[in-house]
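Breakdown of the fold
Residues per chain, in single letters:
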Amino acid sequence: MRVFLLLFLLFPILELAVLIKVGGAIGVLPTLLLVIATAILGSVLLRVAGVATAWRAREKLARGELPEQEMLEGLLIAVGGGLLLLPGFISDIFGVFCLIPFTRRLLVAKLRQRAAEQAMRQRAFADDLAARSGPARSGAKQSNAARPNVLEGEYERRD
(Lines give C-alpha, C1' and ligand atoms only; values in the text may rest on other atoms or scores of the structure.)
Protein backbone atom coordinates (compact mmCIF):
# COMPACT_ATOMS: atom_id res chain seq x y z
CA MET A 1 0.00 0.00 0.00
CA ARG A 2 2.87 2.37 0.75
CA VAL A 3 4.37 1.70 -2.67
CA PHE A 4 1.08 2.64 -4.31
CA LEU A 5 0.91 5.86 -2.28
CA LEU A 6 4.50 6.69 -3.20
CA LEU A 7 3.78 6.11 -6.91
CA PHE A 8 0.59 8.14 -6.63
CA LEU A 9 2.52 11.09 -5.22
CA LEU A 10 5.53 10.64 -7.51
CA PHE A 11 3.58 10.27 -10.77
CA PRO A 12 2.50 13.93 -11.18
CA ILE A 13 6.05 15.08 -10.45
CA LEU A 14 7.42 12.74 -13.13
CA GLU A 15 4.75 13.87 -15.61
CA LEU A 16 5.59 17.51 -14.95
CA ALA A 17 9.32 16.88 -15.30
CA VAL A 18 8.81 15.13 -18.66
CA LEU A 19 6.51 17.94 -19.86
CA ILE A 20 9.13 20.54 -18.92
CA LYS A 21 11.89 18.55 -20.60
CA VAL A 22 9.87 18.07 -23.81
CA GLY A 23 8.78 21.72 -23.72
CA GLY A 24 12.42 22.78 -23.44
CA ALA A 25 13.41 20.54 -26.34
CA ILE A 26 10.65 21.29 -28.86
CA GLY A 27 9.06 24.44 -27.47
CA VAL A 28 5.97 25.31 -25.47
CA LEU A 29 3.44 25.56 -28.32
CA PRO A 30 4.34 22.20 -29.93
CA THR A 31 4.25 20.55 -26.50
CA LEU A 32 0.79 21.97 -25.79
CA LEU A 33 -0.43 20.90 -29.23
CA LEU A 34 0.96 17.41 -28.64
CA VAL A 35 -0.83 17.14 -25.30
CA ILE A 36 -4.11 18.34 -26.85
CA ALA A 37 -3.67 15.98 -29.84
CA THR A 38 -3.14 12.96 -27.59
CA ALA A 39 -6.26 13.89 -25.60
CA ILE A 40 -8.32 14.09 -28.81
CA LEU A 41 -6.76 10.85 -30.09
CA GLY A 42 -7.57 9.19 -26.77
CA SER A 43 -11.22 10.20 -26.91
CA VAL A 44 -11.56 9.00 -30.53
CA LEU A 45 -9.79 5.69 -29.84
CA LEU A 46 -11.83 5.22 -26.69
CA ARG A 47 -15.04 5.62 -28.64
CA VAL A 48 -14.02 3.40 -31.59
CA ALA A 49 -12.40 0.61 -29.57
CA GLY A 50 -15.17 0.71 -26.97
CA VAL A 51 -17.89 0.30 -29.57
CA ALA A 52 -16.03 -2.58 -31.26
CA THR A 53 -15.56 -4.35 -27.93
CA ALA A 54 -19.21 -3.80 -27.02
CA TRP A 55 -20.30 -5.40 -30.32
CA ARG A 56 -18.07 -8.42 -29.74
CA ALA A 57 -19.47 -8.81 -26.23
CA ARG A 58 -23.01 -8.55 -27.58
CA GLU A 59 -22.32 -11.24 -30.19
CA LYS A 60 -20.96 -13.57 -27.52
CA LEU A 61 -24.00 -12.98 -25.33
CA ALA A 62 -26.26 -13.74 -28.31
CA ARG A 63 -24.45 -17.08 -28.71
CA GLY A 64 -25.02 -17.80 -25.02
CA GLU A 65 -21.37 -17.40 -24.01
CA LEU A 66 -19.93 -15.24 -21.26
CA PRO A 67 -17.91 -12.30 -22.64
CA GLU A 68 -15.21 -12.28 -19.95
CA GLN A 69 -12.45 -11.46 -22.48
CA GLU A 70 -14.46 -8.57 -23.87
CA MET A 71 -15.28 -7.27 -20.41
CA LEU A 72 -11.62 -7.17 -19.44
CA GLU A 73 -10.72 -5.58 -22.77
CA GLY A 74 -13.43 -2.99 -22.22
CA LEU A 75 -11.98 -2.21 -18.80
CA LEU A 76 -8.50 -1.75 -20.29
CA ILE A 77 -9.94 0.42 -23.07
CA ALA A 78 -11.58 2.66 -20.48
CA VAL A 79 -8.34 2.87 -18.48
CA GLY A 80 -6.31 3.56 -21.64
CA GLY A 81 -8.69 6.26 -22.84
CA GLY A 82 -8.64 7.88 -19.43
CA LEU A 83 -4.85 7.83 -19.39
CA LEU A 84 -4.73 9.45 -22.83
CA LEU A 85 -7.10 12.16 -21.67
CA LEU A 86 -4.75 13.06 -18.80
CA PRO A 87 -2.15 15.67 -19.70
CA GLY A 88 1.31 14.16 -19.82
CA PHE A 89 3.45 11.85 -21.88
CA ILE A 90 4.03 9.02 -19.41
CA SER A 91 0.29 8.46 -18.99
CA ASP A 92 -0.08 8.65 -22.78
CA ILE A 93 2.42 5.83 -23.25
CA PHE A 94 0.55 3.60 -20.80
CA GLY A 95 -2.76 4.62 -22.38
CA VAL A 96 -1.59 3.65 -25.85
CA PHE A 97 -0.44 0.27 -24.50
CA CYS A 98 -3.96 -0.28 -23.17
CA LEU A 99 -5.60 0.71 -26.47
CA ILE A 100 -3.45 -1.18 -29.00
CA PRO A 101 -5.26 -4.52 -29.60
CA PHE A 102 -2.09 -6.65 -29.50
CA THR A 103 -0.79 -5.28 -26.20
CA ARG A 104 -4.32 -5.12 -24.77
CA ARG A 105 -4.78 -8.85 -25.40
CA LEU A 106 -1.41 -9.55 -23.79
CA LEU A 107 -2.43 -7.51 -20.74
CA VAL A 108 -5.80 -9.29 -20.55
CA ALA A 109 -4.09 -12.69 -20.79
CA LYS A 110 -1.72 -11.68 -17.98
CA LEU A 111 -4.65 -10.41 -15.86
CA ARG A 112 -6.58 -13.66 -16.40
CA GLN A 113 -3.51 -15.73 -15.52
CA ARG A 114 -2.95 -13.78 -12.30
CA ALA A 115 -6.64 -14.05 -11.39
CA ALA A 116 -6.55 -17.82 -11.96
CA GLU A 117 -3.42 -18.14 -9.81
CA GLN A 118 -5.02 -16.05 -7.07
CA ALA A 119 -8.19 -18.16 -7.18
CA MET A 120 -6.08 -21.33 -6.98
CA ARG A 121 -4.21 -19.98 -3.93
CA GLN A 122 -7.47 -19.05 -2.22
CA ARG A 123 -8.97 -22.48 -2.95
CA ALA A 124 -5.86 -24.20 -1.60
CA PHE A 125 -5.98 -22.03 1.51
CA ALA A 126 -9.69 -22.76 2.06
CA ASP A 127 -9.14 -26.50 1.54
CA ASP A 128 -6.23 -26.39 3.99
CA LEU A 129 -8.38 -24.64 6.60
CA ALA A 130 -11.19 -27.15 6.09
CA ALA A 131 -8.77 -30.05 6.47
CA ARG A 132 -7.32 -28.58 9.66
CA SER A 133 -10.68 -27.97 11.28
CA GLY A 134 -11.78 -31.53 10.55
CA PRO A 135 -15.34 -32.77 10.28
CA ALA A 136 -17.94 -30.77 12.17
CA ARG A 137 -19.08 -32.24 15.47
CA SER A 138 -22.62 -33.55 15.48
CA GLY A 139 -23.56 -31.46 18.53
CA ALA A 140 -22.15 -28.24 17.07
CA LYS A 141 -24.36 -25.97 15.03
CA GLN A 142 -23.26 -25.85 11.39
CA SER A 143 -23.38 -22.68 9.33
CA ASN A 144 -25.84 -22.37 6.45
CA ALA A 145 -22.99 -22.45 3.92
CA ALA A 146 -21.71 -25.80 5.24
CA ARG A 147 -25.15 -27.42 5.60
CA PRO A 148 -26.75 -28.64 2.35
CA ASN A 149 -30.22 -27.39 1.54
CA VAL A 150 -32.16 -30.69 1.25
CA LEU A 151 -35.91 -31.12 1.30
CA GLU A 152 -37.09 -34.63 2.01
CA GLY A 153 -40.38 -35.90 0.77
CA GLU A 154 -42.25 -38.23 -1.54
CA TYR A 155 -44.00 -37.55 -4.76
CA GLU A 156 -46.41 -39.38 -6.99
CA ARG A 157 -46.72 -38.74 -10.69
CA ARG A 158 -50.28 -38.55 -12.01
CA ASP A 159 -50.87 -38.39 -15.71
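Here's what I pulled together on the structure shown here. (Residues numbered from 1 in each chain as written. Predicted model: local features only at pLDDT ≥ 70, side-chain atom pairs only at ≥ 80, totals over all residues. Heavy atoms only, no water.)

Describing the overall build of the chain
- Across its full length, the chain holds five helices and zero strands.
- Moving toward the C terminus, one meets the helices and strands of the chain in the order α-α-α-α-α.
- Going through the 159 residues of the chain one by one, you find that 18% of them count as buried.
- Taking as baseline every contact in the chain between residues at least 6 positions apart, the subset at least 24 positions apart corresponds to 56%. (Helix = DSSP H or I, 4+ residues; strand = E, 2+ residues; numbered from the N terminus. Buried < 20%, exposed > 50% of the residue type's maximum accessible area, 1.4 Å probe, protein only. Contact = heavy atoms within 4.5 Å.)

Examining helix α3 (residues 68-85)
- Over its 18 residues, α3 extends 26 Å from the first C-alpha to the last, a length consistent with the 26 Å expected when each residue adds 1.5 Å.
- Within α3, the full set of buried residues consists of Q69, E70, E73, L76, I77, G80, G81 and L84. Looking straight down α3, one finds that the buried residues subtend no more than 135° of arc, so they occupy a single side. (Expected span 1.5 Å × (residues − 1). Arc of directions from axis to C-beta.)

What to know about the environment of V108
- Secondary-structure assignment places V108 in helix α5 (residues 101-133).
- Between the C-alpha atoms of V108 and Q69, which are 39 residues apart in sequence, the distance is 7.3 Å.
- Excluding residues within four positions of it along the chain, V108 makes contact with Q69, L72, E73 and L76.

Remarks on the layout of surface pockets
- When its volume is computed, the largest pocket comes out at roughly 300 Å³.
- Contributing to the lining of the largest pocket are F4, L7, F8, L10, F11, P12 and L14.
- Among the residues making up the lining of the largest pocket, the classes are represented as seven nonpolar, no polar and no charged. (1 Å grid on protein atoms, 1.4 Å probe; cavity = no way out; pocket = protein on both sides within 12 Å on 5 of 7 lines; lining within 4 Å. Points joined across faces, edges and corners; volume = space filled by probe spheres on them. Nonpolar A, V, L, I, M, F, W, Y, C, P; charged D, E, K, R; others polar.)

Describing the packing of α3 against helix α4 (residues 89-99)
- Where α3 contacts α4, the axes come no closer than 7 Å and their chain directions differ by 155°. By the criterion of interaxial angle, the relationship of α3 to α4 is roughly antiparallel. For the crossing formed where α3 meets α4, the hand is left-handed. On α4, the residues touching L76, I77, V79, G80, G81, L83 and L84 of α3 are S91, D92, F94, G95, V96, C98 and L99.
- A breakdown of the residues in the contact of α3 with α4 according to their chemical character gives nine nonpolar, four polar and one charged. (Axes fitted to C-alpha atoms, helices over the stretch in contact; angles between N-to-C directions. Parallel < 35°, antiparallel > 145°, perpendicular 65-115°, else oblique. Left-handed = near helix turned anticlockwise from the far one by under 90°.)

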